[in-house]
Amino acid sequence: MLFCAVSPVSLYGGMKQMDDISHLKIPTHVSIIMDGNGRWAKKRGMPRTYGHKKGADVVVDICRDAGNLGIKYLTIYAFSTENWSRPEKEVKTLMLLFGRYLKICYDESMENNMRVRVIGDKTGLAPDIQEKIRVLEEDSRTFTRFNLQIAINYGSRDEMLRAMRVMLDDYKDGKFKKEELDEARFSSYLDTADIPDPDLMIRTSGELRLSNYLMWQHAYSEFYFTDVPWPDFNKAELVKAIEAYNARDRRYGKVKET
Ligand code: FPP
C-alpha cells in the first residue's frame, strides 16, 4: 500500500512534528513545474538525461507524499509544447521515461484509488503512449482518493486555442448564445474542465516564470519558488512550500475586512 491515511505520526515519526503539521491548511490543488533536471545532472558530470531519470523517480515519491499529506489534486508539468525543440536524444529519453512511468502510474493508480488524467495535446504523442494514456484515464475514471494530472505536450496558449476552436463550433451549432459565454463556460472547454484551479504553484530550481503553464487556471494561485532542483525535491521541501502557502493572505482581489 503506497498511500496511508493522513497520519502525521507516520509522516514524521514523532509527536512534535505531528503538531507541526496538524495546524497547516493543506491546499486542495498543488501544481508543480519540475525544473532543474539538466543542471542537476551537469553538476555531477552526467548527461542531462540522467537528471530526467532521477526526476522521474522523484515524481513517484512526491505523488505518494502529496496523497499522504491530504492534497487532493496534483498537476505536474512533464513536457511542454516548446520542449520538442530540445536535442532529439533528450526528447527520445523523455518519451521513453513517460512510457515507463505510465506503467508504474497505472499500478499505483489501481492500488491507491488515484485518478489520473493527462492534459495537453495528446494527438501529438506517439500512438503507443496515447494508448497507455487512454487505458490509464479510462480505468482510473471512478477513483476519488487522489487526482494526478500530468501535463504532456502541454502549453497554455495551445490549450486555449484548442478550446476556442471547439467552442466556436459549438457556438456556430447554436449550443450557446454570445451572452452565455462566461468564465465557467470557457473553463469547461479547457483540458482541466472539472478540476479546481491550483491553490499553490511550486517551481523548482530558481527560475521565476510561468513558462506557458496553466495561465488561465493560475489566475489566483499562490506562487512558491525554490532554488532546490527537481531531483533533490522531497517531502520536506513540499511541506516547506505548504508552510509558505499558509503564511499567505489570499484576498482574490478584495480588501481584507477589519
Ligand atoms: C525541466 O528540467 C524538466 C523537464 C523539461 C521535464 C520534466 C521531466 C521529468 C521530471 C522526468 C520525467 C517525468 C515523468 C512524469 C516521468 P530541465 O531539463 O529544463 O532542467 P534545466 O533547467 O536544469 O536544464
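Here the structure is a predicted model, which means the values were calculated and not measured.

Engineer: Just to check I follow, could you spell out the site of the ligand for this structure?
Structural biologist: The full set close to the ligand counts 17 residues, and Met34, Asp35, Arg39, Arg48 and Arg86 are the nearest of them. Between an oxygen atom of the ligand and a main-chain N or O atom of Asn37, the distance comes to 3.2 Å. Gly38 is positioned such that a nitrogen or oxygen atom in its backbone is 3.1 Å from an oxygen atom of the ligand. For the ligand, the accessible surface in isolation is 620 Å², of which the surrounding protein chains cover 92%. In a pocket analysis with a 2 Å cut-off to the grid points, the ligand is assigned to the largest pocket.

Engineer: I tried to follow helix H5 (residues 88–112) on my own but got confused; where do I start?
Structural biologist: One full turn of an α-helix is made of 3.6 residues, so residues set three or four places apart face in the same direction. Between its first and last C-alpha atoms H5 spans 35 Å; for 25 residues at 1.5 Å apiece the expected length is 36 Å, and the two agree. Looking one or two residues beyond H5, the residue adopting positive phi is Asn113, at roughly 60°.

Engineer: Help me out: how do you make sense of the nonpolar core in this one?
Structural biologist: Within soluble globular proteins, side chains that are nonpolar generally end up buried alongside one another. Formed by 45 residues in total, the largest nonpolar core has its most connected members in Ile32, Leu74, Leu148, Ile150 and Ile202. Ignoring anything within four residues of it in the chain, the contact list for Leu148 reads Cys63, Leu74, Ile76, Tyr101, Cys105, Met114, Arg115, Val116 and Arg117. Membership of the second largest hydrophobic core comes to eight residues, among which are Ile33, Tyr77, Met201 and Tyr213.

Engineer: Even after reading the chapter, I still don't get the environment of Gly55, so can you show me in this structure?
Structural biologist: Tracing the backbone through its elements, the reader meets Gly55 in helix H4 (residues 48–69). You can call Gly55 buried: its relative accessible area is 3%. Spatially, the C-alpha atom of Gly55 lies 9.9 Å from that of Ala78, the residues being 23 residues apart in sequence.

Engineer: Which parts of the structure should I look at to understand a negative patch on the surface?
Structural biologist: Together, Glu179, Glu180, Asp182 and Glu183 line one region of the surface with negative charge. Here Glu179 lies in the loop between helix H7 (156–172) and helix H8 (183–187). Take Glu179: its relative accessible area is 64%, and that puts it in the exposed class.

Engineer: Sorry if this is basic, but what is going on with the pattern of salt bridges here?
Structural biologist: Charged atoms that come close allow side chains of opposite charge to pair. For the structure on display, the rule yields 19 salt bridges. Note that Glu207 is salt-bridged to Arg39, the shortest N-O span being 3.2 Å. Taken together, the residues Glu207 in the loop between strand E5 (200–203) and strand E6 (222–225) and Arg39 in helix H3 (residues 37–43) connect sequence positions 168 residues apart. Where Lys122 meets Glu137, a salt bridge forms, and the shortest distance between an N and an O atom there is 3.1 Å.

Parameters at a glance
- Residues numbered from 1 in each chain as written.
- Predicted model: local features only at pLDDT ≥ 70, side-chain atom pairs only at ≥ 80, totals over all residues.
- Heavy atoms only, no water.
- Near = heavy atom within 4 Å.
- Polar contact = N/O pair within 3.5 Å; in protein donor to acceptor, adjacent residues only side chain to side chain.
- Areas by Shrake-Rupley, 256 points an atom, 1.4 Å probe, with all protein chains shown as cover.
- 1 Å grid on protein atoms, 1.4 Å probe; cavity = no way out; pocket = protein on both sides within 12 Å on 5 of 7 lines; lining within 4 Å.
- Sits in = over half its atoms within 2 Å of the grid points.
- Helix = DSSP H or I, 4+ residues; strand = E, 2+ residues; numbered from the N terminus.
- Expected span 1.5 Å × (residues − 1).
- Core = buried A, V, L, I, M, F, W, Y, C linked by side-chain atoms within 4.5 Å.
- Buried < 20%, exposed > 50% of the residue type's maximum accessible area, 1.4 Å probe, protein only.
- Contact = heavy atoms within 4.5 Å.
- Patch = residues over 30% accessible without salt bridge, like charges linked within 9 Å, V, L, I, M, F, W, Y side chains within 5 Å.
- Salt bridge = Lys/Arg side-chain N within 4 Å of Asp/Glu carboxyl O.
- Lys, Arg positive; Asp, Glu negative; His and termini not counted.
- Charge placed at Lys NZ, Arg CZ, Asp CG, Glu CD.

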